[in-house]
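So the chains spell out like this:
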Amino acid sequence: MKLQIAGVTLELTQGDITRQTDLDAVVNAANAQLMPGGGVAGAIHRAAGPGLEEECRSLAPLRPGQAVMTGAHDLPNRHVIHCLGPVYGVDEPSDQLLASCYERAIQLAEDAGLTSIGFPALSTGAFGYPTRDAASIAIDSVARAARAANRLDLIRFVLFSQEDYEIHREVLSNLAVD
Ligand code: AR6
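The sections below set out a description of the structure shown in this document. Values in this document were obtained by computation on a predicted structure and should not be read as measured data.

## So, the packing of aromatic side chains
- Counted under the stated rule, the structure contains four aromatic pairs.
- Here the aromatic residues Tyr102, Phe119 and Phe157 are joined through ring pairs into a cluster of three or more.

## Considering the site of the ligand
- Near the ligand there are 21 residues, and of these Asn31, Val40, Ser123, Gly125 and Ala126 occur at the shortest range.
- Within the backbone of Phe127, one N or O atom sits 3.0 Å away from an oxygen atom of the ligand.
- Within the side chain of Asp164, a nitrogen or oxygen atom sits 3.4 Å from an oxygen atom of the ligand.
- When isolated, the ligand has an accessible area of 700 Å², and the protein chains bury 87% of it.
- Here the shell around the ligand takes four residues from helix α1 (residues 39–48), the largest share from any one element.

## Quick word on the environment of Thr131
- Residue placement: Thr131 occurs in helix α4 (residues 131–148).
- Dropping the residues within four chain positions of it, Thr131 is found in contact with Thr124, Asp164, Ile167 and His168.

## Considerations on the sheet that holds strand β7 (residues 154–159)
- Spatially, the seven strands line up as an open sheet ordered β1-β2-β7-β6-β3-β5-β4, and their pairing is mixed. The strands lining the two open edges of the sheet, one partner per strand, are β1 (2–5) and β4 (67–71). Pairwise comparison of adjacent strand axes, ignoring direction, gives a mean angle of 25 degrees for this sheet.
- Relative to β7, strand β6 (residues 116–119) runs parallel, the two sharing four bridges.

## Looking at the pairing of strand β2 (residues 8–14)
- With respect to burial, β2 is a largely interior element, five of its seven residues being buried.
- Pairing analysis gives four bridges linking β1 to β2, with the strands arranged antiparallel. Note that in β2 the partner of Ile5 across the bridge is Val8.
- Taken together, β1 and the strand that follows it, β2, pair antiparallel across an intervening segment of two residues, in which Ala6 is found at a positive phi of about 45 degrees.
- With six bridges connecting them, β2 and β7 associate as parallel partners. What sits directly across from Glu11, in β7, is Arg156.

## Here's the deal with the pairing of β6
- Here β6 shows two buried faces, one formed by Ser116 and Gly118 and the other by Ile117 and Phe119.
- With two bridges joining them, strand β3 (residues 25–29) and β6 adopt parallel strand pairing. The residue bridging Val26 from the neighbouring strand is Gly118, located in β6.
- In this fold, β6 hands off to α4, which returns the chain to β7; that crossover is right-handed.

## Here's the deal with the packing of helix α3 (residues 94–111) against α4
- Interhelical geometry of α3 versus α4 gives an angle of 40 degrees and a closest axis separation of 9 Å. For the pair α3 and α4, the crossing hand works out as right-handed. Each of Asp95, Leu98, Ala99, Tyr102, Glu103 and Ile106 in α3 lies in contact with α4, whose residues at this interface are Ala134, Ile137, Ala138, Ser141, Val142, Arg144 and Ala145.
- Of the residues belonging to the contact of α3 with α4, the class tally is nine nonpolar, one polar and three charged.

## So, α4
- For α4, spanning 18 residues, the distance from its first C-alpha to its last is 26 Å, which sits close to the expected 26 Å at 1.5 Å a residue.
- Within α4, burial applies to Thr131, Ala134, Ala135, Ile137, Ala138, Ile139, Ser141, Val142, Ala143, Ala145 and Ala146.

Rules behind the numbers
Residues numbered from 1 in each chain as written. Predicted model: local features only at pLDDT ≥ 70, side-chain atom pairs only at ≥ 80, totals over all residues. Heavy atoms only, no water. Phe/Tyr/Trp six-rings, centres within 6.5 Å; stacked < 30°, edge-to-face > 60°. Near = heavy atom within 4 Å. Polar contact = N/O pair within 3.5 Å; in protein donor to acceptor, adjacent residues only side chain to side chain. Areas by Shrake-Rupley, 256 points an atom, 1.4 Å probe, with all protein chains shown as cover. Helix = DSSP H or I, 4+ residues; strand = E, 2+ residues; numbered from the N terminus. Contact = heavy atoms within 4.5 Å. Pairing = 2+ DSSP bridges. Axes fitted to C-alpha atoms, helices over the stretch in contact; angles between N-to-C directions. Buried < 20%, exposed > 50% of the residue type's maximum accessible area, 1.4 Å probe, protein only. Right-handed = clockwise from strand over helix to strand, strands pointing away. Left-handed = near helix turned anticlockwise from the far one by under 90°. Nonpolar A, V, L, I, M, F, W, Y, C, P; charged D, E, K, R; others polar. Expected span 1.5 Å × (residues − 1).

Dropping the structure here:
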């Protein structure tokens, strides 16, 4: 599914964040230490190789809501943007911290002159954020950022499961597009 917001394509796809060969940057659902873990972080570090872990060492720790950018190493992109989402029920206000991840990631991409970025569903795995609530926040934040963007022309959500894709599709369908 795709729609246009102020000249930016907002796209949903089901797939693997490490296989987005056409995107300038992909976003990592990181841990505070920016080390390999499970889920997205494990997949990204496995695909990027040990150089990513090495580069991340001096950038940690992250606080919830923060984002930092590195090279992509062996991934087929130019950069990885690492976001620390809130742990649901622990890091508060979780909605603002989650929105901050999306906003800061897009700001970093814009500042670097990138034109395309892909996000996984931050905080909805190990960090326990209910997917529908997280999807509303993610899509609202990204839509707002799209209206303010100068360089970005493609923002893609890469959803791992069919169920997560459907939830995001419903939320995106309800978005009032101007
Ligand atoms: N591509 C796209 N989405 C994926 C992939 C993939 N390869 N793998 C999993 N997902 P999570 P979090 C989905 O747990 O909740 C890690 O251990 C997954 O199904 O990766 O922010 C880190 O080290 C879920 O919908 O991120 C942190 O400690 C979503 O991506 C912690 O988990 C996010 O799941 C971060 O937790």
